[in-house]
Amino acid sequence: MTATPAWPPKSLPRLFVRTPLSESAHVELDAKQANYLGNVLRLGAGSELLVFDELSGEWLARIAEAGKRRMTLSVERKTREPESIPDVWLAFAPVKRAQTDWLVEKATELGAARLVPVMTQRTIAERVRLDRLESIAIEATEQCGRTRVPQIVEPVQLRRFVEELDPSRHFYFADESGGEPMSSAFREGPAIILVGPEGGFADEERAFVRGAGANPISLGPRILRAETAALAALSAYMALVGDWR
Ligand code: SAH
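Sequence positions are assigned chain by chain, starting from 1 and proceeding in written order. Per-residue local features are limited, in this predicted model, to residues with pLDDT of at least 70; the limit for side-chain atom pairs, both in listing and counting, is 80 or more; totals at the level of whole chains, interfaces and linings are taken over all residues. As a convention, hydrogens and water are excluded, and side-chain values are obtained from all of the structure's heavy atoms.

### Some details on the site of the ligand
The near set for a molecule or strand comprises every residue that places at least one heavy atom within 4 Å of it. Ala174, Gly196, Glu198, Gly220 and Arg222 are the nearest of the 19 residues found near the ligand. Polar contacts here mean pairs of N or O atoms no more than 3.5 Å apart (in protein, one a potential hydrogen donor and the other a potential acceptor; neighbouring residues in sequence count only if both atoms are side-chain atoms). Between an oxygen atom of the ligand and a main-chain N or O atom of Ala174, the distance comes to 2.6 Å. All accessible areas in this document rest on Shrake-Rupley with a 1.4 Å probe, and a residue is counted as covered only by the protein chains that are shown. Protein chains bury 83% of the 550 Å² of accessible surface belonging to the ligand in isolation. By the criteria applied, helices consist of DSSP H or I runs no shorter than four residues and strands consist of E runs no shorter than two, each listed in order from the N terminus. For the shell around the ligand, the elements supplying multiple residues, two or more each, are β13 (215–218) and α7 (226–240). Taken together, the residues that form the shell around the ligand break down as 10 nonpolar, five polar and four charged. For this classification, the nonpolar set comprises Ala, Val, Leu, Ile, Met, Phe, Trp, Tyr, Cys and Pro, the charged set comprises Asp, Glu, Lys and Arg, and every other residue, Gly included, is treated as polar.

### Side note on unusual backbone geometry
A positive phi angle, close to 70°, is found at Ser24, a residue other than glycine. Relative to the assigned elements, Ser24 resides in the loop between β1 (14–16) and β2 (26–29). Its identity is not glycine, yet Arg42 carries a phi of approximately 55°, on the positive side. Residue position: Arg42 is located in the loop between α1 (31–40) and β3 (48–52). Residue burial is assigned from relative accessible area. The probe radius is 1.4 Å, only protein chains are included, and a residue is buried under 20% of its type maximum, exposed over 50%, and partly exposed in between. Classification of Arg42 by relative accessible area gives exposed; the value is 68%.

### Here's the deal with α7
A turn of α-helix holds 3.6 residues, and therefore any two residues three or four places apart point the same way. To estimate the expected span of a helix, subtract one from its residue number and multiply by 1.5 Å. For α7, built from 15 residues, the straight-helix expectation of 21 Å at 1.5 Å per residue is met to within 8% by its first-to-last C-alpha distance of 21 Å. Looking at α7, one finds that the buried residues are Ala226, Glu227, Ala229, Ala230, Leu231, Ala233, Leu234, Ala236, Tyr237 and Met238. By definition, residues are in contact when any of their heavy atoms lie within 4.5 Å. Structurally, α7 contributes buried residues whose contacts are with β6 (88–92), α2 (97–110), α5 (182–185) and β12 (191–195).

### Some details on the nonpolar core
Joining through side-chain atoms within 4.5 Å is the link that ties buried Ala, Val, Leu, Ile, Met, Phe, Trp, Tyr and Cys residues into a set, and such a set is a nonpolar core. The biggest cluster of nonpolar side chains holds 37 residues, and the ones touching the most others in it are Leu90, Val104, Leu115, Phe186, Ile193 and Tyr237. Among the secondary structure elements, those contributing two or more residues to this core are β6, α2, α3 (130–144), β10 (170–174), α5, β12 and α7. By residue number, the principal contributor to this core is α7, which donates eight residues. Excluding anything up to four places from it in sequence, Phe186 contacts Tyr172, Ile193, Ile217, Ala233, Ala236, Tyr237, Leu240 and Val241.

Here it is in structure tokens:
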């Protein structure tokens, strides 16, 4: 008989809920979450878990009632304040579906505050399904211990996106034709990192983005795939001026 290993310790399940949480609150779970806790994890009344909402941080909760399709939690005490993460947005030209899903999952883990699908001339994307991307971001948030789900906004045309940007936000774009190394380009403070599509930026887009005041950054001598470039730039930002220091 195999013994139950003592290490790693079993961590409590974490769930994102849309209901605002507070001490002693009761939270009704939706059928999907009830099914996950009851049938997948086989938890019943009395089991503990961690929950977090949009705003108030993370709480310890206990299953109060468990039915076939529904479940009620009672919230006990706060375990973590809402995270304060660097205000960095990742603007990316959506790629094929599997790669876009992967990009959203990893960018959530790395700590992006907001994800913006940007349509460029050479963007070849199947329809961007925001609800799908949002559930991927929620799962990644639950898994990695963040207390806030990154915002995922509606796809926007490159030109409009750039015109509507707040000029006080540092604007970097990953330019495969060359730019400043990230170690000297990145500054602390609200930022946006824009990465182009598989086909790269068109020359006129590059000129337009530069003209709008964006700093071109280089990701080294190799041409990276769009999703690799996005995640590499975000990682470098976190390490150089973000919350990995
Ligand atoms: N097809 C293009 C490459 C596009 S790579 C070509 O052959 O030139 C996709 C995107 O990733 C680019 O638009 C850019 O934003 C980013 N990227 C990839 N490699 C890069 C690098 N070495 N430096 C800066 N950005 C890079």
